[in-house]
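# Survey of secondary and tertiary structure
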Amino acid sequence: MTADWAPLRILFCTLGYPPGPGGGAEHQARIQAEELVRRGHSVTVVCPSAAGVRSATINGVRVRRLRWPHRWWFLQPFTYLPRLAAFLALRVRRYDVVHVHIASLQADVAVSVSRFFRRPVYVKVAGGGRGRETAPLAVVALLTRYAGLRKATRVQAIMRGKTERAKVAAMRGGGAE
(Lines give C-alpha, C1' and ligand atoms only; values in the text may rest on other atoms or scores of the structure.)
Protein backbone atom coordinates (compact mmCIF):
# COMPACT_ATOMS: atom_id res chain seq x y z
CA MET A 1 0.00 0.00 0.00
CA THR A 2 1.11 3.53 -0.70
CA ALA A 3 0.41 6.62 1.38
CA ASP A 4 -2.16 7.91 -1.12
CA TRP A 5 -4.21 4.69 -1.17
CA ALA A 6 -6.60 3.75 1.61
CA PRO A 7 -8.77 0.66 1.82
CA LEU A 8 -12.48 1.31 1.30
CA ARG A 9 -15.40 0.13 3.40
CA ILE A 10 -17.86 -1.14 0.78
CA LEU A 11 -21.46 -2.22 1.27
CA PHE A 12 -22.93 -4.52 -1.38
CA CYS A 13 -26.73 -4.68 -1.67
CA THR A 14 -27.77 -7.87 -3.45
CA LEU A 15 -30.87 -10.04 -3.66
CA GLY A 16 -28.93 -13.12 -2.59
CA TYR A 17 -25.46 -14.32 -1.70
CA PRO A 18 -23.96 -17.82 -1.68
CA PRO A 19 -24.57 -20.16 -0.04
CA GLY A 20 -28.24 -19.92 -0.72
CA PRO A 21 -30.51 -19.57 -3.70
CA GLY A 22 -29.32 -17.44 -6.56
CA GLY A 23 -27.99 -17.36 -10.04
CA GLY A 24 -25.36 -15.62 -12.10
CA ALA A 25 -25.73 -12.19 -10.50
CA GLU A 26 -25.26 -13.59 -7.00
CA HIS A 27 -22.24 -15.61 -8.14
CA GLN A 28 -20.75 -12.51 -9.77
CA ALA A 29 -21.35 -10.48 -6.58
CA ARG A 30 -19.46 -13.12 -4.57
CA ILE A 31 -16.50 -13.03 -6.98
CA GLN A 32 -16.33 -9.22 -6.89
CA ALA A 33 -16.70 -9.02 -3.11
CA GLU A 34 -14.00 -11.63 -2.45
CA GLU A 35 -11.61 -9.95 -4.89
CA LEU A 36 -12.12 -6.59 -3.19
CA VAL A 37 -11.34 -8.22 0.18
CA ARG A 38 -8.24 -9.85 -1.34
CA ARG A 39 -7.11 -6.37 -2.44
CA GLY A 40 -7.40 -5.05 1.11
CA HIS A 41 -10.88 -3.52 1.20
CA SER A 42 -13.56 -4.26 3.80
CA VAL A 43 -16.75 -5.64 2.23
CA THR A 44 -20.13 -6.23 3.82
CA VAL A 45 -23.04 -7.72 1.87
CA VAL A 46 -26.65 -7.11 2.84
CA CYS A 47 -29.32 -9.34 1.28
CA PRO A 48 -32.59 -11.10 2.13
CA SER A 49 -32.29 -14.15 4.35
CA ALA A 50 -32.49 -17.60 2.80
CA ALA A 51 -33.98 -20.68 4.45
CA GLY A 52 -31.33 -22.49 6.46
CA VAL A 53 -28.60 -19.87 5.85
CA ARG A 54 -27.47 -17.42 8.52
CA SER A 55 -25.50 -14.20 8.52
CA ALA A 56 -21.79 -15.00 8.64
CA THR A 57 -18.36 -14.04 7.39
CA ILE A 58 -17.60 -15.97 4.20
CA ASN A 59 -14.08 -15.80 2.73
CA GLY A 60 -13.51 -12.46 4.45
CA VAL A 61 -16.85 -10.96 3.33
CA ARG A 62 -19.33 -10.12 6.09
CA VAL A 63 -22.78 -11.23 4.96
CA ARG A 64 -25.78 -9.73 6.75
CA ARG A 65 -29.02 -11.47 5.86
CA LEU A 66 -32.19 -9.51 6.62
CA ARG A 67 -35.16 -11.60 7.71
CA TRP A 68 -38.47 -11.69 5.87
CA PRO A 69 -41.42 -14.16 5.93
CA HIS A 70 -40.36 -16.95 3.55
CA ARG A 71 -43.76 -18.64 3.58
CA TRP A 72 -45.25 -15.67 1.77
CA TRP A 73 -42.65 -15.16 -0.95
CA PHE A 74 -44.92 -12.75 -2.81
CA LEU A 75 -44.61 -10.33 0.14
CA GLN A 76 -40.81 -10.14 -0.09
CA PRO A 77 -40.68 -6.66 -1.68
CA PHE A 78 -43.05 -5.31 0.97
CA THR A 79 -41.10 -6.80 3.89
CA TYR A 80 -37.49 -6.83 2.71
CA LEU A 81 -37.35 -3.32 1.26
CA PRO A 82 -38.41 -1.54 4.48
CA ARG A 83 -35.86 -3.64 6.38
CA LEU A 84 -33.19 -2.70 3.86
CA ALA A 85 -34.12 0.98 4.24
CA ALA A 86 -33.88 0.72 8.04
CA PHE A 87 -30.56 -1.15 7.82
CA LEU A 88 -29.15 1.55 5.56
CA ALA A 89 -30.51 4.44 7.62
CA LEU A 90 -28.83 3.03 10.73
CA ARG A 91 -25.55 1.87 9.18
CA VAL A 92 -24.78 3.51 5.82
CA ARG A 93 -22.44 6.09 7.42
CA ARG A 94 -20.06 3.24 8.29
CA TYR A 95 -19.31 2.72 4.59
CA ASP A 96 -17.38 4.74 2.02
CA VAL A 97 -19.47 3.52 -0.91
CA VAL A 98 -22.63 1.50 -1.52
CA HIS A 99 -22.68 -0.95 -4.43
CA VAL A 100 -26.11 -2.13 -5.62
CA HIS A 101 -25.55 -5.30 -7.56
CA ILE A 102 -28.92 -5.62 -9.32
CA ALA A 103 -30.93 -2.64 -10.58
CA SER A 104 -34.36 -3.28 -9.07
CA LEU A 105 -36.48 -1.87 -6.29
CA GLN A 106 -33.54 -2.38 -3.93
CA ALA A 107 -31.64 0.15 -6.06
CA ASP A 108 -34.37 2.71 -5.45
CA VAL A 109 -34.18 2.17 -1.69
CA ALA A 110 -30.37 2.06 -1.53
CA VAL A 111 -29.89 5.13 -3.72
CA SER A 112 -32.50 7.19 -1.85
CA VAL A 113 -31.22 6.40 1.64
CA SER A 114 -27.52 6.51 0.74
CA ARG A 115 -27.81 9.84 -1.07
CA PHE A 116 -29.71 11.29 1.91
CA PHE A 117 -26.68 10.42 4.06
CA ARG A 118 -24.30 11.71 1.36
CA ARG A 119 -22.79 8.36 0.48
CA PRO A 120 -21.87 7.58 -3.13
CA VAL A 121 -23.88 4.78 -4.75
CA TYR A 122 -22.69 2.57 -7.60
CA VAL A 123 -25.45 0.62 -9.38
CA LYS A 124 -24.69 -2.28 -11.71
CA VAL A 125 -27.28 -3.10 -14.34
CA ALA A 126 -26.77 -6.15 -16.51
CA GLY A 127 -29.51 -5.33 -18.95
CA GLY A 128 -32.05 -2.58 -19.22
CA GLY A 129 -34.10 -3.89 -22.12
CA ARG A 130 -37.17 -6.09 -22.21
CA GLY A 131 -36.84 -9.18 -20.04
CA ARG A 132 -33.86 -7.73 -18.20
CA GLU A 133 -33.43 -6.38 -14.66
CA THR A 134 -35.70 -3.34 -14.89
CA ALA A 135 -38.40 -4.96 -17.05
CA PRO A 136 -40.10 -7.70 -14.94
CA LEU A 137 -42.24 -5.28 -12.92
CA ALA A 138 -42.94 -2.75 -15.65
CA VAL A 139 -44.69 -0.16 -13.48
CA VAL A 140 -42.11 -0.15 -10.70
CA ALA A 141 -39.35 -0.38 -13.31
CA LEU A 142 -40.19 3.22 -14.18
CA LEU A 143 -39.30 4.14 -10.60
CA THR A 144 -36.04 2.20 -10.82
CA ARG A 145 -35.12 3.91 -14.08
CA TYR A 146 -35.74 7.30 -12.46
CA ALA A 147 -34.60 6.88 -8.84
CA GLY A 148 -32.33 3.85 -8.82
CA LEU A 149 -30.39 4.69 -11.96
CA ARG A 150 -30.60 8.42 -12.63
CA LYS A 151 -29.93 9.35 -9.01
CA ALA A 152 -27.03 6.93 -8.58
CA THR A 153 -23.53 8.39 -8.34
CA ARG A 154 -22.30 5.91 -10.98
CA VAL A 155 -23.99 3.29 -13.14
CA GLN A 156 -22.20 0.34 -14.67
CA ALA A 157 -24.07 -1.05 -17.66
CA ILE A 158 -23.29 -4.56 -18.86
CA MET A 159 -25.55 -5.12 -21.83
CA ARG A 160 -25.75 -5.83 -25.51
CA GLY A 161 -26.39 -3.23 -28.12
CA LYS A 162 -25.40 0.35 -28.65
CA THR A 163 -28.99 1.55 -28.16
CA GLU A 164 -29.18 0.28 -24.59
CA ARG A 165 -25.72 1.67 -23.73
CA ALA A 166 -26.73 5.03 -25.17
CA LYS A 167 -29.87 5.11 -23.01
CA VAL A 168 -27.82 4.54 -19.86
CA ALA A 169 -25.17 7.08 -20.92
CA ALA A 170 -27.85 9.70 -21.50
CA MET A 171 -29.23 9.47 -17.96
CA ARG A 172 -28.97 12.61 -15.92
CA GLY A 173 -27.17 12.46 -12.57
CA GLY A 174 -25.25 9.19 -12.61
CA GLY A 175 -22.40 8.67 -15.00
CA ALA A 176 -22.36 5.55 -17.14
CA GLU A 177 -19.31 3.35 -17.32
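Cut-offs applied
- Residues numbered from 1 in each chain as written.
- Predicted model: local features only at pLDDT ≥ 70, side-chain atom pairs only at ≥ 80, totals over all residues.
- Heavy atoms only, no water.
- Helix = DSSP H or I, 4+ residues; strand = E, 2+ residues; numbered from the N terminus.
- Buried < 20%, exposed > 50% of the residue type's maximum accessible area, 1.4 Å probe, protein only.
- Contact = heavy atoms within 4.5 Å.
- Areas by Shrake-Rupley, 256 points an atom, 1.4 Å probe, with all protein chains shown as cover.
- Expected span 1.5 Å × (residues − 1).
- Phe/Tyr/Trp six-rings, centres within 6.5 Å; stacked < 30°, edge-to-face > 60°.
- Pairing = 2+ DSSP bridges.
- Right-handed = clockwise from strand over helix to strand, strands pointing away.
- Salt bridge = Lys/Arg side-chain N within 4 Å of Asp/Glu carboxyl O.

## Thoughts on the overall build of the chain
Within the chain one finds five helices and eight strands. Of the regular secondary structure in the chain, the N- to C-terminal order runs β-α-β-β-β-α-β-α-β-α-β-α-β. In the chain, which comprises 177 residues, the share counted as buried stands at 43%. Sequence separation of 24 or more characterises 58% of the internal contacts of the chain that already satisfy a separation of 6 or more. Accessible surface, the chain as shown: approximately 10,100 Å² in total, 57% of it carbon and sulfur.

## Concerning helix α1 (residues 24–38)
Taking 1.5 Å of rise per residue, 15 residues should cover 21 Å, and α1 covers 21 Å from first to last C-alpha, within 8% of that figure. Tucked inside the fold, the buried residues of α1 contact β1 (9–13), β2 (42–48), β3 (56–58) and β4 (61–66).

## Section: the packing of aromatic side chains
Between two aromatic rings, the relevant description is the distance of the centres plus the angle of the planes. Per the stated rule, a full pass over the model turns up one aromatic pair. A centroid spacing of 5.1 Å and a plane angle of 85° characterise the contact between Phe 116 and Phe 117, whose relative ring orientation is edge-to-face.

## Describing the pairing of strand β6 (residues 121–125)
For β6, a buried count of four out of five residues is recorded, marking the element as mostly surrounded by other parts of the structure. Sheet topology note: the strand β5 (residues 97–100)/β6 ladder contains three bridges and is parallel. Bridging across to β6, Val 100 finds its partner in Val 123. Considered for its hand, the β-α-β crossover made up of β5, helix α3 (residues 105–116) and β6 is right-handed. Across four bridges, β6 lies against strand β7 (residues 154–157) in parallel orientation. Bridging from a neighbouring strand, Val 123 pairs with Val 155 of β7.

## Things to note about the pattern of salt bridges
Evaluated as defined, the whole model comprises four salt bridges. For Glu 35, the salt bridge identified is with Arg 38, shortest N-O distance 2.5 Å. Placement of both Glu 35 and Arg 38 in helix α1 is noted, with a separation of three residues, approximately one turn of the helix. Taking relative accessible area as the criterion, Glu 35 reaches 27% and is therefore assigned partly exposed. One network of salt bridges, with partners in common, ties together Glu 35, Arg 38 and Arg 39.

Don't take any of this as a statement about function, it's just geometry.
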